[in-house]
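# Architecture and fold: a report
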Amino acid sequence: MIPKLLLVLPCYNEEAILHLTDAKLNTFYDELISQGLISAESKICYVNDGSRDATWNIIDRLTKSNSRILGVKLSKNFGHQNALLAGLFEYKGLFDCYISIDADLQDDIYAIPPMIEKFKEGASIVYGVRDDRSTDTFFKKFTAESFYKVMQWLKVPVVFNHADFRLIDNRVLTELEHYREVNMFIRGIIPTIGFKNDKVFYKRLEREAGETKYPLKKMLTFAWNGVTSFSTMPMRFVLYFGAFSFVLSLLLAVYVLYTKFAGVTTSGWASTLLMMAFFNGSNMMAIGLIGEYVGKIYEEVKARPRYIVEKSTPLEA
Ligand code: UDP
Ligand code: MG
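Residues numbered from 1 in each chain as written. Chains lettered and ligands numbered in written order. Predicted model: local features only at pLDDT ≥ 70, side-chain atom pairs only at ≥ 80, totals over all residues. Heavy atoms only, no water.

Once that is clear, we can look at the overall build of the protein. The secondary structure content of the protein amounts to 10 helices and eight strands. The C-alpha radius of gyration computed for the protein amounts to 25 Å, which surpasses the reference 20 Å derived for 317 residues by more than 25%, pointing to a less compact arrangement than a globule. The C-alpha extent of the protein, read off along each of the three principal axes, is 95 × 40 × 40 Å. Residues classed as buried in the protein amount to 45% of the 317 residues present. Within the protein, contacts between residues separated by at least 24 positions form 83% of all contacts whose residues are at least 6 apart in sequence. Carbon and sulfur atoms make up 62% of the accessible area of the protein, which totals about 16600 Å². (Helix = DSSP H or I, 4+ residues; strand = E, 2+ residues; numbered from the N terminus. Rg over C-alpha atoms; globule rule 2.2 N^0.38 Å. Buried < 20%, exposed > 50% of the residue type's maximum accessible area, 1.4 Å probe, protein only. Contact = heavy atoms within 4.5 Å. Areas by Shrake-Rupley, 256 points an atom, 1.4 Å probe, with all protein chains shown as cover.)

Below, the discussion takes up the nonpolar core. Formed by 35 residues in total, the largest nonpolar core has its most connected members in Leu7, Leu9, Leu25, Tyr46, Ile99, Ile112 and Phe165. Those elements that place two or more of their residues in this core are β1 (5-11), α1 (18-34), β2 (43-48), α2 (55-65), β4 (97-100), α4 (112-120), β6 (162-169) and β7 (197-203). Element by element, the count of residues in this core is highest for α1, at five residues. Among residues more than four places away in sequence, those in contact with Leu7 are Leu25, Tyr29, Lys43, Ile44, Cys45, Ile99, Ile101 and Ile112. Phe78, Leu84, Ile168 and Ile190 belong to the second-largest nonpolar core, a separate cluster that totals 32 residues. (Core = buried A, V, L, I, M, F, W, Y, C linked by side-chain atoms within 4.5 Å.)

Let us now look at the side chain of His162. Relative to the helices and strands, His162 is located in strand β6. Taking relative accessible area as the criterion, His162 reaches 1% and is therefore assigned buried. In terms of polar contacts, His162 uses its side chain to reach the backbone carbonyl oxygen of Gly128, at 2.9 Å. (Polar contact = N/O pair within 3.5 Å; in protein donor to acceptor, adjacent residues only side chain to side chain.)

Turning next to the site of ligand 1. In the vicinity of ligand 1 there are 19 residues, among which Glu14, Asp49, Asp104, Thr212 and Lys213 approach most closely. Measuring from a nitrogen atom of ligand 1, one finds a side-chain N or O atom of Asp49 at 2.6 Å. Asp104 has a polar side-chain atom sitting 2.6 Å from an oxygen atom of ligand 1. Expressed as a share of its isolated accessible area of 530 Å², the protein-covered part of ligand 1 is 95%. (Near = heavy atom within 4 Å.)

Attention now goes to the sheet that holds strand β5 (residues 125-132). In spatial order, the strands read β7-β5-β6-β4-β1-β2-β3-β8; together these eight strands make up an open sheet with mixed pairing. The open sheet has two free edges, formed respectively by β7 and β8 (309-312), since each of these has just one partner strand. Strand-to-strand twist of the sheet, defined as the mean angle between neighbouring strand axes without regard to direction, takes the value 20°. Inspection of the sheet shows β4 paired to β6 by four bridges, in the antiparallel sense. Of the residues in β6, the one forming a bridge with Tyr98 is Ile168. Here α1 sits on the sheet and contacts β1, β2 and β3 (69-74); the angle it forms with β2, its principal contact strand, is near 160°. (Pairing = 2+ DSSP bridges. Axes fitted to C-alpha atoms, helices over the stretch in contact; angles between N-to-C directions.)

Quick look at the structure:
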């Protein structure tokens, strides 16, 4: 069987690189089709995630001049994860396998043929894993790898150094639709779905044009969302910490009573002040942390749509 592939690329303000990406992908598709690796009906889908530049105009033009290109336009910016979901679900059931990749092609497209091979061998999920980050800055490498380490330590089921470059088959996509959480951390969800999976290793390349859409603040928000979506360990720490300080305060009470009855006089205000500052601080922190989870529950309970599609290229089954 020659599989029908859909490549999904979320695009946010990518006017600087989209033409380059599209040219590369088309040449690449031609190669894959002539090698008989993918079917000639395979397509490429660009999802415009509410870009403020000419990204949608470019996508729109591409869909009109090339039947291989599909475009999905979201009504505003919904974030990388949601844009990805929008592209996948929009064409659910119409392809044999789906590969998600960033629009800057920092994830090596030459990892795609081995992904397809593994799919043909029966894998429903193939993770792209970066085993060489030599082109990343020290800062990016350090923050990214610490992220995966912390996640694994918190028992979040992520695959080390795997981001959102992966192949899934139609079956997995169908199951993915049943995961209804509003704040979807896709790379944590996929490993919980099951089915046969495999990995392909590749080298992360440099962004050739445009800038990163993941500045530090967004990266932190993303990481924190990943943690709180999968782990209540931070709350457990607060509990442990509370228990620890409770025991400490009992010991302190013994000491205070002893000094009182033994008639040892201490001025005492420094220690009082210290304790107050310390425990007020930790109380605030604990309440804030619990608030984070309550906020998350609030978001989920409202169950607002994850994204809104304004328009998309129609495709018949
Ligand atoms: N992206 C998106 N919506 C956003 C932010 C980013 O669709 O709100 C897309 C972006 O266009 C790119 C991908 O997500 O295709 C990854 O972003 P980027 O390459 O800037 O992140 P980095 O590789 O630096 O982590
Ligand atoms: Mg990138």
